Structures are given as C-alpha cells and as structure tokens.
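# An overview of the molecular structure
Here is how the chains run, residue by residue.
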Amino acid sequence: MYPNLYYAFKDLFGVEIQGLRFVNSFGFFLAMAFLVGAALLASELKRKSKKGLLQPTEEEITVGQPATTSELVINFIIGFLFGYKILALFFLGDSATQDPQAFIFSSSGSWPLGLFLGAVFAGFKWWDKRKHQLSKPEKRKVRIWPEDRVGEITILGLIFGVVGAKLFDIFENWSDFLTRPLEYILSGGGLTFYGGLICATIAIVLFARKYKIPIRHLADAIAPTLMIAYAIGRIGCQVAGDGDWGVYNSAFQTDSVGQISPASSADYERALAANPQFFSADRAEFGKVPHLSFSKPSFLGFLPYWLFAYNYPNNVNKVGIPLAGCQEQHCNQLPIPTFPTPLYETLICTILFFVLWGLRKTIRPFGALFALYLILNGLERFFIEKIRVNNRLNLFGLHPSQAEVISAGLVLTGIVLWLYLVNKYRKRSH
C-alpha cells in the first residue's frame, strides 16, 4: 500500500523524495478523477452544443482594467500560504515530512518561501493585467457556452462533493465522531460517496438553472463522467488502504511480513484469538466478526491471491497489527485479509462507464442516460455492500447500511425517472 506518493516512488523507483509524503495517494487519485471527469464533461457538452442542443448565454464584462489592490492582496495571500506550508515541505527536514497532516495544521512553516511565492503570485497577476490593459477600459458582451463553465461545475462538484461526503460519513459514524471530532474533520479519509453525490448534485442543479443550462442534457453529459470518476477514485481507496475494504475472507491468512496464503477454519479462529483487541469492535456491533470464506476457484489458478483477499499493508489509517521489520510511519496490516472491494468497484464501474459512453449518442429520450446511470450505479453499490464493511442502521427491524438504503433509492428513482421520460416522449411523438 502507498498511503502517500513518497511510498510509491520509494517502492517503484527507489527514490526517496520527502516532500511527496504530503501528497496523499487517495487525494492524488481524487484529483485525477476530477480532471478526467472535467475533460470528458467538456467534450460531451461541446458535442451537444454543435448539435444545437445547448445554447450560450451572454454576459457583460469589463476588459482592460489594471489589477486592483484586492486582487493583488488575494493573490499574495494564496501564494504565501502555498509557499509557507506546501512548498516548505520540499525543503524542510523530517520533522515536517514525517507527519505532513500535523504539519499543515500547525503554525510551523517557512517565512522566506511564503513571502517569495506570495510576491510571485501577486507579481504575475499584476503583469497579466498590465499585458491586457487598455487606455480606456471597455464593457463588452461575451457569449459563454455550457462547456466554458466546466471549470465552475468541477469546482462546485469538488467543494460540495467533499463536504457532503465528509458530512455523510460523520452521520454514519456519529458515536465514533463524538469521541474524536477533530480527527474526523481533519482526516483525509472517511468520505461517503453518496453524500458527495447528493450535495454536489443539488449545487450543480442550482448552478445550471442560474445559467439556463438544460438539466436533462447536463445530466446525460455528467452520467458517464460520474461513473469513470468513481472508478478512478476507488483506485485511490485501494492504493491508500483507507478502510473501504470488504469483510474478512477467512479462506486466507497473512503472516508477519504480509504474505497471503490459503487458510483453514482453524487458522481463522487462531487469528481471531491472537488479536482480541483488534476484533472487539466488530464483535460489539455484529455479535460476531463479519466474514465469508471464498477460496480461489481452481480455473482461476493463474490469478494472485490478493484479488480474493488482501491485507492492506502500510494502510493510511494505520489499522491492524505491526508488520515485521517495518520502521516507517505506516507499518500495520490487517491480521486477516479482506475482500478488496475498492478494486472490484474500479473494474465494474470502468465497464459500466464504457456502457454509458457507448449509449450516449443513441439513447432517447434525453435524460434517460442519467436515469440508467442511477440504476446501474445503485445496483453496483447495493450488491458490493453485501461483502463490504459498513455501519448498519436499524430500519423497521432490518439492518441495512446507509449505502444500501441510498443505492436502493437511486435504483427506484432511476426506474421512475426512466418511465416518466419514456411516457412523456411517447405522448409527444403522438
């Protein structure tokens, strides 16, 4: 596992760059998910604009003005923060890079780097404005197409997605949150996808209405991008080992150095008995440790064991038991390997992305592609929850996870939306 890019570069290239300890692996893949999603969304909106399905809006802007004092101050502050904290990670010693998260939220930093980068940011803003300055500023009307607003849509999705994902995770783990609230809030892990999806959707719908972007066309354009972005994000969960794994696979065991091998039921019981403190939380919630026993099928003998059971060594959450011979900050592994559900979701959602992408030009009526996304995404998540670890709700005597409830709601919503759109389309056709 690579909790941050320092571990990845050290393992893959034999290079130790201390500043890379700051770049969390999950955050890196989350950024990649947004970048890929933004590129695909822009491409799809541009295609729809060329077909006449989307129209631009006009806005009046003032051009040729010099940089204002507030613009220079804001850019200086942004540059100073980057230099004082982030750039400093690449120049300061191990005291900063061993625990980057603690460093970021401390008062420590580099004043020279902060002042230097602040001056660079402010200077660049002044130069850029100076380059386009006119002797007399002019007011002009510009046409802005929906694809030109992808940057704004992406930022909205990022902000409200992360906030919503964090809030839903807190609600899902409320009792644990109350015991260590600051750790939950500042943690880079612990994000609930559906919380992010719901909050980001509300924000983007309001944005689209403000700028008169047809919701159905925007929703259809977003559907495949959401699917592939989710697949890429789950790579981050798998690589970092952020806790989004499955239940224990008791058909396998792991040794002190992290090697996985087949196990008997007796081996499983011995692992439980040897680590009572680690498994006590699981026993308290479920009455017994959640597990399934699934051996590697003989016809898939060429596949590695970790596709069926993985112990997440060096996981970012520092969960589990110590790895023999490890002296780094992240030196734990799970005492019993689990189903690598993030990997399964990456594979499944990549396939579903190609399904949606292939249908995007032909499926009708408009809006149906997004309805199909809701159905496919809901079904995928509902069934993966059957082998995934999650807190359980008490709902009318049943004990589903939060994700199972929301995913079932998404499937029903998708079906109702599909039927409504098809019925409306047929009436118009007649």
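That block above? That's the structure.
One structure accompanies this document, and this report is about it. Keep in mind that what you see is a predicted model, and the values were worked out from it rather than measured.

### Concerning the overall build of the chain
- Of regular secondary structure, the chain possesses 16 helices and 8 strands.
- For the chain, buried positions account for 44% of its 430 residues.
- Considering only intrachain contacts with a sequence separation of at least 6, the fraction spanning at least 24 residues in the chain is 73%.
- For the chain, the exposed surface amounts to about 22,800 Å²; the carbon and sulfur share of it is 65%.

### A look at the pattern of salt bridges
- A complete count under the given rule lists 14 salt bridges for this structure.
- The residue lysine 10 makes a salt bridge to glutamate 328 at a minimum N-O spacing of 3.0 Å. Of this pair, lysine 10 sits in helix H1 (residues 5-13) while glutamate 328 sits in the loop between strand E7 (321-322) and strand E8 (332-333), placing them 318 residues apart in sequence.
- The shortest N-O distance in the salt bridge between arginine 234 and aspartate 244 comes to 3.2 Å. Taken as a pair, arginine 234 in helix H11 (residues 215-240) and aspartate 244 in the loop between H11 and strand E3 (248-249) lie far apart in primary sequence, 10 residues in all.
- Under the relative-accessibility criterion, arginine 234 is labelled buried at 6%.
- Three or more residues joined by partner-sharing salt bridges are found here, namely Arg234, Asp244, Glu345, Arg381, Glu385 and Arg388.

### Focus on helix H2 (residues 25-50)
- An ideal rise of 1.5 Å per residue puts 38 Å on 26 residues; H2 measures up with 38 Å between its terminal C-alpha atoms.
- Two or three places before phenylalanine 26, at the start of H2, stands the capping residue asparagine 24, its side-chain oxygen 2.8 Å from that residue's backbone nitrogen.
- Once H2 finishes, glycine 52 follows within two positions and takes phi at roughly 80 degrees, a positive value.

### What about helix H6 (residues 111-131)?
- Given a rise of 1.5 Å per residue, 21 residues ought to cover 30 Å, and the 30 Å separating the end C-alpha atoms of H6 matches this to within 8%.
- Among all positions of H6, only Leu113, Gly114, Leu117, Gly118 and Ala122 are buried. Looking straight down H6, one finds that the buried residues subtend no more than 155 degrees of arc, so they occupy a single side. Relative to its buried face, H6 has exposed residues pointing more than 90 degrees away, namely Pro112, Phe116, Arg130 and Lys131.
- Next to the buried residues of H6 lie helix H3 (69-86).

### Concerning unusual backbone geometry
- Of the consecutive residues arginine 364 and proline 365, the connecting peptide bond is found in the cis state with omega at 0 degrees.
- Along the chain, proline 365 turns up in the loop between helix H14 (341-359) and helix H15 (368-384).
- Despite not being glycine, asparagine 314 has its phi angle at roughly 60 degrees, a positive value.
- Here asparagine 314 lies in the loop between strand E6 (291-292) and E7.

### Some points on a nonpolar patch on the surface
- There is a patch of nonpolar side chains on the surface, built from Ile155, Leu158, Ile159, Phe160, Val162, Val163, Leu167 and Phe171 and spanning about 690 Å² of accessible area.
- By the secondary structure assignment, valine 162 is in helix H7 (residues 150-172).
- When its relative accessible area of 31% is taken as the criterion, valine 162 is described as partly exposed.

### A short note on the state of the cysteines
- A complete count under the given rule lists 1 disulfide for this structure.
- Covalently, cysteine 326 is tied to cysteine 331 through a disulfide, its sulfur atoms 2.0 Å apart. Residues cysteine 326 and cysteine 331 are joined by a disulfide whose S-S torsion is about -70 degrees; by sign, that bridge is left-handed.
- Cysteine 326 sits in the partly exposed class, given a relative accessible area of 22%.
- The exposure class assigned to cysteine 331 is buried, which follows from its relative accessible area of 12%.

### Overview of the packing of aromatic side chains
- A complete count under the given rule lists 21 aromatic pairs for this structure.
- An aromatic cluster is present here, built from Phe76, Phe80, Tyr84 and Trp111 joined pairwise through their rings.
- When the ring centre of tyrosine 211 is taken as origin, the NZ or CZ atom of arginine 149, which lies over that ring, is 3.8 Å away.
- Geometry around tryptophan 357 places arginine 360 over its ring, the cationic atom sitting 3.7 Å from the centre.

### Some words on the environment of tyrosine 230
- Along the chain, tyrosine 230 turns up in helix H11.
- By relative accessible area, tyrosine 230 is classed as buried at 6%.

### Points about the packing of H11 against H15
- It is at 7 Å that the axes of H11 and H15 come closest, and there the two elements cross at 25 degrees. With respect to H15, the axis of H11 lies roughly parallel. Between H11 and H15 the crossing geometry is left-handed. Of the residues in H15, those touching H11 at Ala219, Asp220, Ala223, Pro224, Leu226, Met227, Tyr230 and Arg234 are Ala368, Leu369, Phe370, Tyr373, Leu376, Asn377, Glu380 and Arg381.
- Per-class residue counts for the contact of H11 with H15 are 11 nonpolar, 1 polar and 4 charged.

### Considering the nonpolar core
- Met227, Ile228, Leu356, Phe370, Tyr373 and Leu376 are the most contacted members of the largest nonpolar core, which has 27 residues in total.
- Among the elements that take part in this core, H11 stands out by supplying 8 residues, more than any other.
- Counting 15 residues, the second-largest nonpolar core is a separate cluster that includes Val150, Ile153, Ile204 and Ala221.

What counts, and at which threshold
- Each residue is numbered by its place in its chain's sequence as written, counting from 1.
- Under the rules for a predicted model, residues below a pLDDT of 70 receive no local features and side-chain atom pairs below 80 are neither given nor counted, while totals for whole chains, interfaces and linings still include all residues.
- Side-chain numbers here rest on the full set of heavy atoms in the structure, without hydrogens or water.
- Secondary structure is summarised from DSSP: a helix means a run of H or I of at least four residues, a strand means a run of E of at least two, and numbering begins at the N terminus for each.
- With a 1.4 Å probe rolled over the protein chains alone, any residue whose accessible area is under 20% of its type maximum counts as buried; one over 50% counts as exposed, and the rest are partly exposed.
- Contacts are assigned to residue pairs with any non-hydrogen atoms lying within 4.5 Å of each other.
- Note on areas: these come from Shrake-Rupley sampling with a 1.4 Å probe, and a residue is covered only by the protein chains present in the view.
- Here a salt bridge means any side-chain nitrogen of Lys or Arg lying within 4 Å of a carboxyl oxygen belonging to Asp or Glu.
- Every helix has an expected span of 1.5 Å times one less than the residues it contains.
- Pairs of N or O atoms are called polar contacts if they sit within 3.5 Å, as long as, within protein, a hydrogen donor faces a hydrogen acceptor (for residues adjacent in sequence, only side-chain-to-side-chain pairs).
- Along the arc lie the directions from the helix axis toward the C-beta atoms.
- Note that patches include only residues with greater than 30% relative accessible area and no salt bridge, and the join distances are 9 Å for like charges and 5 Å for nonpolar side chains (Val, Leu, Ile, Met, Phe, Trp, Tyr).
- Two cysteine sulfurs form what is called a disulfide whenever their separation falls within 2.5 Å.
- When two rings of Phe, Tyr or Trp (its six-membered ring) have centres within 6.5 Å they constitute a pair, described as stacked for plane angles under 30 degrees, edge-to-face for angles over 60, and tilted for the intermediate range.
- Should the NZ of a Lys or the CZ of an Arg lie within 6 Å of a ring centre and within 35 degrees of the ring normal, that charge is described as sitting over the ring.
- An axis is simply a line fitted to the C-alpha atoms; with a helix, the fit covers only the stretch in contact. Between two such axes, the angle follows the N-to-C directions and lies from 0 to 180 degrees.
- Angle categories: roughly parallel below 35 degrees, roughly antiparallel above 145, roughly perpendicular from 65 to 115, and oblique for all the rest.
- By convention the crossing between two helices is left-handed if the near helix lies anticlockwise of the far one by an angle smaller than a right angle, and right-handed if it lies clockwise.
- Gly is placed with the polar residues, together with every amino acid not listed as nonpolar (Ala, Val, Leu, Ile, Met, Phe, Trp, Tyr, Cys and Pro) or charged (Asp, Glu, Lys and Arg).
- For this analysis, a nonpolar core means a set of buried residues of the types Ala, Val, Leu, Ile, Met, Phe, Trp, Tyr and Cys, connected via side-chain atoms within 4.5 Å.

These values are about where atoms sit, not about what they do.
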